Amino acid sequence: MKTAPALTALWTAGICVLAILHFVHLSADFPNYSPWMDWAKYTDEGWYANAAIQHYLVGHWHVPGDLNTAVAVPVWPMIVWMLFHFTGVHIQAVRAIVALLFCCNLGLSYLFIRKSQPRWVALFACSLMATSSFVWCFSRLAILEPLLVFLTLSSLILGRQIGETRSTAQRYAAAMLLGLLLCLMVLTKTTAVFLFPAIGYSTWHPLRRQLKSMLSVGVVAGSIAATLWCIYFFAFVHPHYLVDYKYFFQMNVYAKPEHWQGWLRVVSNAAHAVFWIGRLIVWPALALAATSVLITRQTWENPAFVSSLLAILGYLLFVTDINNIQPRYYAVIAVFLFFVVSIALVDLLRANRKLGLAVMIVCVAAMAKGMWIIGGYVLYPEYTFVNAAKGITAYVDKHPNGNRLLVSVSGNDISLITGLPSLCDDFGTMPLRQKLALYRPSWYAAWDDLDPVLLADLRAQYSVEAVAAFNAFDDDDRDTLVLYKLIPASPGTSYFKNDIYHQMP
């Protein structure tokens, strides 16, 4: 199946238009009432850019006792820090980088598939990616997944290229570069290790008949990755920030089942959550996976297909192991699911044209549905969270109360939007009471109601007065951001005042 040059150009232009839509309404909310409830839209953009935010606002990136994620995952904060030198603290600037990463990921996806498939298959995979409303939503948040996908695709392409390089010197140079990419992946998001088998297979496949070359490439790439990571950890983290590093992993520990029946439920839930990507594309993916075993077994000879499956299974293993099923994790899985669909579909068309066309029609229907949903998001953006952050900052500036510092679980996101200095109340290496005593904030923001434990911590040192409330987002339990004024309590006194609670215009 070939495509005419004019059709190819038109198809490519359509994908480019869909990619450009990622740059529209950059400060808009994560779409309200979407099927994906993920805490990332409340917190993660600020958490992972916090080091850059703090460095710009107060002159140093590390805040003792607070949540310092950059210690464990420094690559994204470093990029944001460089960006802020030109733009200042600005959520639109950070999201623009993420949108640019999406465009790069489309290009890398094309190169990855085109290496072994006709042009139309690579364009089909990019179309699935560009028309996915699920991917559209999460590829516009300034979270770690888009950068992780970029580094993973780069590593997959480079790994395949290493095996096709005849020059020994060039092969070793490429292996060293691959080691650097592997290290950057881990320092971008530690869960990247679950994608290593996919990269390993992509590198191994073209070298599978050259045992000596295969081993030497593996040793060089692995040694470079391990050496660079060890230099970072032992020269930078261990002497100065080991407490923050350990806390980063402790805060991500969730309760795990004690019996195999519980683990079976976790595996089932993790697998079922793949449908977040879209039923109209997941069902064809399952059907194509089955036909690749029963009808088109040559599909398994394609290294891009197997690498994509390994990436999917690896990340599903991570989701299962952590026992914390969040939609944003599946933004990584979605990309490789689209690859699996595209590669298996072309082989099915060759083996059984009617069945292949039927699956293709379902995929095209999924694209049409995705474009319709994306169109709605583009035409009707909402700014509830941005307006709430601006409202809080405006109130703080109009009603001076000592320290301008805000404490909130979403405080880093508010800082990213308005530049208001903040600390995280729920996470950090220092207990909240100690953090309050050290930094003496004058404002606190909570979603809906104050947690009794947090309230007790606040009342130990302050009287707490609710002064404003702002509607934001769509979660029934967390849809109102309430601002509290913290008034230092006299020795021996502590009380909660709630008689001034009004809705800000």
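Parameters at a glance
Residues numbered from 1 in each chain as written. Predicted model: local features only at pLDDT ≥ 70, side-chain atom pairs only at ≥ 80, totals over all residues. Heavy atoms only, no water. Core = buried A, V, L, I, M, F, W, Y, C linked by side-chain atoms within 4.5 Å. Buried < 20%, exposed > 50% of the residue type's maximum accessible area, 1.4 Å probe, protein only. Helix = DSSP H or I, 4+ residues; strand = E, 2+ residues; numbered from the N terminus. Phe/Tyr/Trp six-rings, centres within 6.5 Å; stacked < 30°, edge-to-face > 60°. 1 Å grid on protein atoms, 1.4 Å probe; cavity = no way out; pocket = protein on both sides within 12 Å on 5 of 7 lines; lining within 4 Å. Points joined across faces, edges and corners; volume = space filled by probe spheres on them. Nonpolar A, V, L, I, M, F, W, Y, C, P; charged D, E, K, R; others polar. Salt bridge = Lys/Arg side-chain N within 4 Å of Asp/Glu carboxyl O. Polar contact = N/O pair within 3.5 Å; in protein donor to acceptor, adjacent residues only side chain to side chain. Contact = heavy atoms within 4.5 Å. Pairing = 2+ DSSP bridges. Axes fitted to C-alpha atoms, helices over the stretch in contact; angles between N-to-C directions. Left-handed = near helix turned anticlockwise from the far one by under 90°.

Caption draft 1: Representation of the nonpolar core in the model. In this structure, Trp76, Ile277, Tyr330 and Ile392 are the most contacted members of the largest nonpolar core, which totals 156 residues. No other element matches the 18 residues that helix H15 (residues 330–351) contributes to this core.

Caption draft 2: Region of the structure containing helix H18 (residues 411–418). Of all the 8 residues making up H18, 7 are buried; the element is thus mostly covered by neighbouring parts of the structure. Residues of H18 that are buried: Gly411, Asn412, Asp413, Ile414, Ser415, Leu416 and Ile417. In the stretch just after H18, Gly419 is the one whose phi turns positive, near 85°.

Caption draft 3: Molecular detail of the packing of aromatic side chains. Applying the stated criterion to the full structure yields 34 aromatic pairs. Considering the side-chain rings of Trp47 and Phe427, the 5.3 Å spacing of their centres and the 80° angle between planes classify their relative orientation as edge-to-face. Taken together, the residues Trp47 in helix H2 (residues 44–58) and Phe427 in the loop between strand S2 (422–423) and helix H19 (432–439) connect sequence positions 380 residues apart. With 5.9 Å between their ring centres and 85° between their planes, Tyr395 and Trp443 make a pair best called edge-to-face. Here Trp443 lies in strand S3 (residues 443–447) and Tyr395 lies in helix H17 (residues 384–398), a separation of 48 residues in the sequence. We note that Tyr395, like Trp443, is buried.

Caption draft 4: Inspection of empty space enclosed by the protein at higher detail. For the structure shown, the criterion picks out 2 cavities of 30 Å³ or more. Put simply, the largest cavity is a space of about 110 Å³. Around the largest cavity sit Phe102, Asn105, Met129, Val135, Phe138, Ser139, Glu145, Pro146, Val149, Ala331, Val332 and Val335, which together line it. Breaking the lining of the largest cavity down by element, the ones donating at least two residues are helix H4 (91–114), helix H6 (133–138), helix H7 (145–164) and H15. In the lining of the largest cavity, the residues fall into 9 nonpolar, 2 polar and 1 charged.

Caption draft 5: Geometry of the pattern of salt bridges. Applying the stated criterion to the full structure yields 11 salt bridges. In this structure, Glu45 and Arg95 form a salt bridge, with 2.8 Å as the shortest nitrogen-oxygen distance. With Glu45 in helix H2 and Arg95 in helix H4, this pair connects stretches of sequence that are 50 residues apart. The exposure class of Glu45 is buried, given its relative accessible area of 2%. The salt bridge partner of Lys189 is Glu145, with a shortest N-O separation of 3.3 Å. Pair noted here: Lys189 is in the loop between helix H8 (168–188) and helix H9 (196–204) and Glu145 is in helix H7, with a separation of 44 residues, a long-range link. The same class applies to Lys189 and to Glu145, which are both buried. Linked through salt bridges whose partners overlap, the residues forming this network are Asp38, Asp44 and Arg328.

Caption draft 6: A look at the side chain of Ser292. The residue Ser292 is located in helix H13 (residues 279–294) in this model. Among the polar contacts made by the side chain of Ser292, one reaches the main-chain carbonyl oxygen of Ala289 at a distance of 2.6 Å. Aside from chain neighbours lying at most four places away, what touches Ser292 is Arg297, Thr299, Trp300 and Phe305.

Caption draft 7: The pairing of strand S4 (residues 462–475), seen in detail. In terms of burial, S4 is a largely internal element, 13 of the 14 residues being buried. With 10 bridges connecting them, S4 and strand S5 (residues 478–488) associate as antiparallel partners. In the sheet register, Val464 faces S5, and the bridge partner there is Leu486. Linking S4 to S5, which pair antiparallel, is a turn of 2 residues.

Caption draft 8: Fine view of the packing of H4 against H15. It is the contact of H4 with H15, at a shortest axis distance of 11 Å, that shows an interaxial angle of 35°. Remark: the crossing between H4 and H15 carries right-handed chirality. Each of Ser109, Phe112 and Ile113 in H4 lies in contact with H15, whose residues at this interface are Val335, Phe339 and Ile343. Of the residues in the contact of H4 with H15, the class split is 5 nonpolar, 1 polar and no charged.

Caption draft 9: Examining unusual backbone geometry more closely. The backbone of Tyr33 sits at a positive phi, close to 60°, despite the residue not being glycine. Note on placement: Tyr33 falls in the loop between helix H1 (5–20) and H2. Residue class for Tyr33 comes out exposed when judged on its relative accessible area of 68%.

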